[in-house]
Amino acid sequence: MLRFIPLLSSLFILSACNATLTPEQQAEVEKLSACDKINALVKGYSNEFNGLKSQKVTNKYADIWQAKYQLVGDQCQISQFSGQQLAYQCQKGFNNQVDALESYKEAVAFTQACLSPDNWKMEQVSNGQSVRTNFHLENFPIISIHSGKTLAKMNNTWSTSFQVGAQPTSYAK
């Protein structure tokens, strides 16, 4: 039971926030561990990440909210495209493959450490230019971490992404 107290307090802190975080709320969010954040995402998926959404932007294709905390990079968001399921998504760009893979390995390690090994199944696929690790749980969408070469012509030609939601459309094989 003591293990869930930080998670419950995290969810309370996050759900108490409105469109933007006060400095005090931001300080509390910054105290959360990666496991607190992942557990809140897993719990939050069933209620459309409501406690984790911040400012909203809407266009004719999607509703997009800034996320109240980051796991990879510093611009995570929650998005819903044309009535599809919501997804929490983060991405960080890198100038080289070594740094991108290091970020990917770190994200896989903290995700794996936070999930119960008895229930979650881990699957990894690679094609040389990209690698993806998916974590599956029965009746829950995928947690997916990907690293690979982007289509960018200039800077940040490699990226690492983190997603909680439906099966990613681009899938490393």
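Note that this is a predicted model, so its numbers are computed, not measured.

1. Overview of the overall build of the chain
In step 1: From N to C terminus, the chain includes four helices and eight strands.
In step 2: Ordered by position from N to C terminus, the α and β elements of the chain give α-α-α-β-β-β-β-α-β-β-β-β.
In step 3: Accessible surface, the chain as shown: approximately 10,100 Å² in total, 51% of it carbon and sulfur.

2. With respect to the packing of aromatic side chains
In step 1: Under the counting rule described, the total for this entry stands at three aromatic pairs.
In step 2: With 5.6 Å between their ring centres and 75° between their planes, Y45 and F49 make a pair best called edge-to-face. One exposure class covers both Y45 and F49, and it is buried.
In step 3: Measuring from centroid to centroid gives 6.2 Å for Y69 and Y88, while their planes differ by 50°, and the two rings are tilted. Of this pair, Y69 sits in the loop between β2 (62-67) and β3 (77-81) while Y88 sits in strand β4 (residues 87-94), placing them 19 residues apart in sequence. Both residues of the pair, Y69 and Y88, belong to the buried class.
In step 4: Following the ring pairs from residue to residue traces out a cluster consisting of Y69, Y88 and F162.
In step 5: Above the face of the W65 ring, K53 is positioned so that its terminal group lies 3.9 Å from the ring centre.

3. Some details on the pairing of strand β8 (residues 158-165)
In step 1: Across the eight residues that make up β8, a large majority, eight, are buried.
In step 2: On β8, burial covers both faces: W158, T160, F162 and V164 on one face and S159, S161, Q163 and G165 on the other are all buried.
In step 3: Here strand β7 (residues 140-149) runs beside β8; their pairing, made up of eight bridges, is antiparallel. Of the residues in β8, the one forming a bridge with S144 is Q163.

4. Side note on unusual backbone geometry
In step 1: The phi dihedral of E48 is positive, around 60°, even though this residue is not glycine.
In step 2: As for its placement among the helices and strands, E48 is situated in the loop between α3 (34-45) and β1 (53-58).

5. What about the confidence of the model for the chain?
Any segment with low pLDDT has predicted coordinates that should not be analysed in fine detail.
In step 1: When the pLDDT values of the chain are averaged, the result is 78; 76% of them are 70 or greater.
In step 2: Averaged pLDDT values for the elements of the chain fall to 35 in helix α1 (residues 4-16) and rise to 93 in helix α4 (residues 97-114).
In step 3: Confidence over residues 1-19 falls short of pLDDT 50; this stretch has 27 contacts with residues more than four positions distant or in other chains.
In step 4: Here residues 169-173 is a poorly scored stretch, pLDDT under 50, and it has twelve contacts once near neighbours within four places are set aside; other chains count.

6. With respect to the pairing of β2
In step 1: When β1 meets β2, the two strands line up antiparallel, connected through four bridges. Directly across from K56, in β2, lies its bridge partner W65.
In step 2: Where β1 hands over to β2, the hairpin turn is made up of three residues, counted between the paired strands.
In step 3: When β2 meets β3, the two strands line up antiparallel, connected through five bridges. Within β3, the position partnered with D63 by the bridge is Q80.

7. Describing the packing of α3 against α4
How two helices sit against one another is set out by the angle between their axes and by the gap between those axes.
In step 1: Relative to each other, α3 and α4 sit at 70°, their axes nearing to 9 Å. It follows from the interaxial angle that α3 and α4 lie roughly perpendicular. At the point where α3 passes α4, the crossing takes the right-handed sense. Side by side, α3 and α4 meet where A34, C35, I38 and N39 of the first sit next to F110, T111, A113 and C114 of the second.
In step 2: Of the residues in the contact of α3 with α4, the class split is six nonpolar, two polar and no charged.

8. Considering the state of the cysteines
In step 1: Evaluation of the coordinates by the stated rule reveals two disulfides.
In step 2: Bridging C35 to C114, the disulfide has an S-S length of 2.0 Å. Across the disulfide from C35 to C114, rotation about the S-S bond amounts to roughly -90°, and the bridge is consequently left-handed. Of the two residues, C35 is situated in helix α3 and C114 in helix α4; the sequence distance between them amounts to 79 residues.

The rules behind the values
Throughout this document, residue positions are counted from 1 along each chain, in the order its sequence is written. At least 70 in pLDDT is required for a residue's local features to be given in this predicted model, at least 80 for side-chain atom pairs to be given and counted, and no such filter applies to totals for whole chains, interfaces and linings, which use all residues. Heavy atoms throughout the structure, all of them, feed into the side-chain values; hydrogens and water do not. Counting from the N terminus, the helices are DSSP H or I runs at least four residues long and the strands are E runs at least two residues long. The Shrake-Rupley method, run with a 1.4 Å probe, gives the accessible areas here. Residue values count only the displayed protein chains as cover. Note on ring pairs: Phe, Tyr and Trp rings are taken, using the six-membered ring of Trp, and paired if centres are within 6.5 Å. Classes follow the plane angle, with under 30 degrees stacked, over 60 edge-to-face and the rest tilted. Exposure categories follow from relative accessible area, calculated using a 1.4 Å probe and restricted to protein chains: below 20% of the type maximum is buried, above 50% is exposed, and the middle band is partly exposed. We call a charge positioned above a ring when the Lys NZ or Arg CZ atom is no farther than 6 Å from the ring centre and deviates by at most 35 degrees from the ring normal. Each pair of strands is called paired provided DSSP finds at least two bridges between the two strands. pLDDT is a per-residue confidence score from the predictor, ranging from 0 to 100. Working rule for contacts: check all heavy atoms of both residues, and any pair within 4.5 Å makes them a contact. Only C-alpha atoms enter the line fits that serve as axes; for helices the fit covers just the stretch in contact. Angles between N-to-C directions range over 0 to 180 degrees. For classification purposes, angles smaller than 35 degrees are called roughly parallel, those larger than 145 roughly antiparallel, those between 65 and 115 roughly perpendicular, and all remaining angles oblique. By definition, turning the near helix anticlockwise from the far helix through less than a right angle yields a left-handed crossing, and turning it clockwise yields a right-handed one. When residues are sorted by character, Ala, Val, Leu, Ile, Met, Phe, Trp, Tyr, Cys and Pro go into the nonpolar class, Asp, Glu, Lys and Arg into the charged class, and all the rest, Gly among them, into the polar class. For this text, the term disulfide refers to a pair of cysteine sulfurs within 2.5 Å.

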